[in-house]
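Residues per chain are reported as follows:
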Amino acid sequence: MIWFEQATKTLMLIVGVLGGVVIYAGFFFLLVTQSSASFLPWYILISPWLCIYFGLSAEKQRLTLLWLRRKLFFWRKFK
């Protein structure tokens with residue numbers, strides 16, 4: 001069963017990376033052609049990053065959350 005989990009994680013990483021490339025290339029194309037991207041929902045920008053996150057190993061997921069927590073709460077250091 002461990003092979004299934006590894007295959008799923010690898011597939012999530014591939015889908016996440018390819019999804020990020022397609023989505024961000026599409027937004028760049030809309031920017032260059034001066035078309036409006038306002039009709040696109042905001043959550044499609046998050047979905048490839050979720051696939052990438054869940055494709056990581058448990059240790060890398062933990063380190064990613066710690067990094068994100070430090071980035072989001074950086075202002076607490078200055079209080």
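Please read these numbers as outputs of a predicted model, since none were measured by experiment.

**Some details on the overall build of the chain**
Logical step 1: Assigned secondary structure in the chain consists of three helices and zero strands.
Logical step 2: In sequence order, the secondary structure elements of the chain are arranged as α-α-α.
Logical step 3: Relative to the 2.2 N^0.38 estimate, which gives 12 Å for 79 residues, the radius of gyration of the chain is 16 Å and therefore markedly larger than a compact globule would have.
Logical step 4: With the principal axes as the frame, the chain shows a C-alpha extent of 45 × 45 × 15 Å.
Logical step 5: Counting over 79 residues, the chain shows a buried share of 16%.
Logical step 6: Excluding contacts between residues fewer than 6 apart, the proportion of contacts in the chain whose partners are at least 24 apart in sequence is 59%.

**Considerations on the side chain of lysine 9**
Logical step 1: Of note, lysine 9 is situated in helix H1 (residues 2–32).
Logical step 2: Salt bridges are absent for the buried lysine 9, whose nearest opposite-charge side chain, glutamate 5, sits at 4.7 Å.

**Looking at helix H2 (residues 47–55)**
Logical step 1: What H2 keeps buried is the set Pro48, Cys51, Ile52, Tyr53 and Gly55.
Logical step 2: Buried positions along H2 lie against H1 and helix H3 (58–72).

**Brief notes about the packing of aromatic side chains**
Logical step 1: Summed over the entire model, instances satisfying the criterion amount to two aromatic pairs.
Logical step 2: Between the aromatic rings of tryptophan 3 and phenylalanine 4, the centroid separation amounts to 6.0 Å while the plane-to-plane angle is 80°, which identifies the pairing as edge-to-face.
Logical step 3: The class of tryptophan 3 is exposed, set by a relative accessible area of 62%.
Logical step 4: With a relative accessible area of 45%, phenylalanine 4 lands in the partly exposed category.
Logical step 5: Ring centres of tyrosine 53 and phenylalanine 54 lie 5.1 Å apart, and the angle between their planes is 75°; this geometry places the pair in the edge-to-face category.
Logical step 6: On the accessibility criterion, phenylalanine 54 (45% relative accessible area) is partly exposed.

**Describing a nonpolar patch on the surface**
Logical step 1: There is a patch of nonpolar side chains on the surface, built from Trp42, Tyr43, Ile46, Leu50 and Phe54 and spanning about 580 Å² of accessible area.
Logical step 2: When you line up the elements, leucine 50 lands in helix H2.
Logical step 3: The class of leucine 50 is partly exposed, set by a relative accessible area of 43%.

The rules we used
- Residues numbered from 1 in each chain as written.
- Predicted model: local features only at pLDDT ≥ 70, side-chain atom pairs only at ≥ 80, totals over all residues.
- Heavy atoms only, no water.
- Helix = DSSP H or I, 4+ residues; strand = E, 2+ residues; numbered from the N terminus.
- Rg over C-alpha atoms; globule rule 2.2 N^0.38 Å.
- Buried < 20%, exposed > 50% of the residue type's maximum accessible area, 1.4 Å probe, protein only.
- Contact = heavy atoms within 4.5 Å.
- Lys, Arg positive; Asp, Glu negative; His and termini not counted.
- Salt bridge = Lys/Arg side-chain N within 4 Å of Asp/Glu carboxyl O.
- Phe/Tyr/Trp six-rings, centres within 6.5 Å; stacked < 30°, edge-to-face > 60°.
- Patch = residues over 30% accessible without salt bridge, like charges linked within 9 Å, V, L, I, M, F, W, Y side chains within 5 Å.
- Areas by Shrake-Rupley, 256 points an atom, 1.4 Å probe, with all protein chains shown as cover.

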